[in-house]
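This is what each chain is made of:
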Amino acid sequence: MSASIASVSWGKDSMAMLWMLIDSGTPVDEVIFFDTGMEFDAIYRERDRMLPVLAEHGIRYTELRPKNPMWWNMLCRPVKSRKTGEVHKTGYGWCGGACRWGTTEKTRALDRYAKERNAVVYVGIAADETERLGKGEPWKRYPLAERWGMSESDCLALCYRKGNEWVEGGVRLYDVLDRVSCWCCRNKNMRELSAMRKNLPNYFERLVALERAIGEPMKKNHVLCPGQNTTETERITK
Ligand code: SF4
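Values in this document were obtained by computation on a predicted structure and should not be read as measured data.

A. Region of the structure containing the domain arrangement of the chain. For the chain, the domain assignment lists domain 1 (4-170) and domain 2 (188-238). Computed from C-alpha coordinates alone, the two centres of domain 1 and domain 2 are separated by 26 Å. Taken residue by residue, the interface counts six residues in domain 1 and six residues in domain 2. Residues of the side of domain 1 that touches domain 2, tallied by class, amount to two nonpolar, three polar and one charged.

B. Representation of the nonpolar core. Grouped together as the largest cluster of nonpolar side chains are 53 residues, with contacts concentrated most on Ala-6, Ala-16, Met-17 and Leu-144. With six residues, the single largest contributor to this core is helix 1 (residues 12-23). Residue assignment places this core across two domains, with domain 1 (4-170) and domain 2 (188-238) each supplying three or more. Once residues within four sequence positions are removed from consideration, Ala-6 is found in contact with Met-17, Leu-18, Leu-21, Val-28, Val-31 and Tyr-122.

C. Region of the structure containing the sheet that holds strand 1 (residues 4-7). Within the open sheet, the five strands sit side by side as 3-2-1-6-7. Their pairing is parallel. The open sheet has two edge strands with one neighbour each: strand 3 (60-64) and strand 7 (140-141). Direction of pairing for strand 6 (residues 120-123) relative to strand 7: parallel, over a ladder of two bridges. For Val-121, the partnering residue across the bridge sits in strand 7 and is Lys-140. Sitting on the sheet, helix 4 (residues 101-116) is in contact with strand 1, strand 2 (30-34), strand 3 and strand 6, with an inclination near 155 degrees to strand 2.

D. Region of interest: the environment of Val-208. Note that Val-208 resides in helix 9 (residues 201-214). By C-beta crowding, Val-208 is classed as buried, having 20 other C-beta atoms within 10 Å. When the C-alpha atoms of Val-208 and Leu-224 are compared, they prove to be 5.6 Å apart, with 16 residues separating the residues in sequence.

Here is what the cut-offs are and how they apply
- Residues numbered from 1 in each chain as written.
- Predicted model: local features only at pLDDT ≥ 70, side-chain atom pairs only at ≥ 80, totals over all residues.
- Domains from an automatic or database assignment.
- Contact = placed C-beta atoms within 7 Å.
- Nonpolar A, V, L, I, M, F, W, Y, C, P; charged D, E, K, R; others polar.
- Core = buried A, V, L, I, M, F, W, Y, C linked by C-beta atoms within 7 Å.
- Buried ≥ 20, exposed ≤ 12 C-beta atoms within 10 Å, placed from the backbone.
- Helix = DSSP H or I, 4+ residues; strand = E, 2+ residues; numbered from the N terminus.
- Pairing = 2+ DSSP bridges.
- Axes fitted to C-alpha atoms, helices over the stretch in contact; angles between N-to-C directions.

Structure follows, in structure tokens:
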């Protein structure tokens, strides 16, 4: 029989899936988490709270990591031009939007791990996010959408009932962010960035520093860095 693996990011959807798998008595041999190293501290704290639950249910726990630290890929990696084969820049820059190099490495690593073990993998995609369902890989299962019909809000409500709250800086991350992905994710929208500036200033300062180091605004036509020329841009720090 194939091993069964739950792919868990420790965000609300995969966390809810994990609770549902456990509570429904669905056999799970292993939980895997790909740690980008750029997760909010609250993600790591929720992970640490869940490790005893996994142990209690005899579920093995494995962490995968990028080959190189994400910050190195972002800022330091020599990047070759596809046309010339010559190194033409240093670092991939921001991850997110159309250039999600971190997601590519994460997906490849998780898929490779599952394929090597001929495993069935449970993936936590909510019923109202069907556009994120995979490419029909036969070994992947989406029980939130396909078995329980749980929406994103259902998942969050279940996690809160179970005591997973993702508190950071005195706020619940899901109260101020649409998606709790990497703190440096370029997919964050303006409302989320404003909320980070207000509620999560330590992370916002890191974004400002990254913007300076990368030399490109995180959001098109907006700059995070105080003191930059803002004549043609609106500063999010207003
Ligand atoms: S969450 Fe954002 S920054 Fe992190 S790997 Fe995915 S696209 Fe990249």
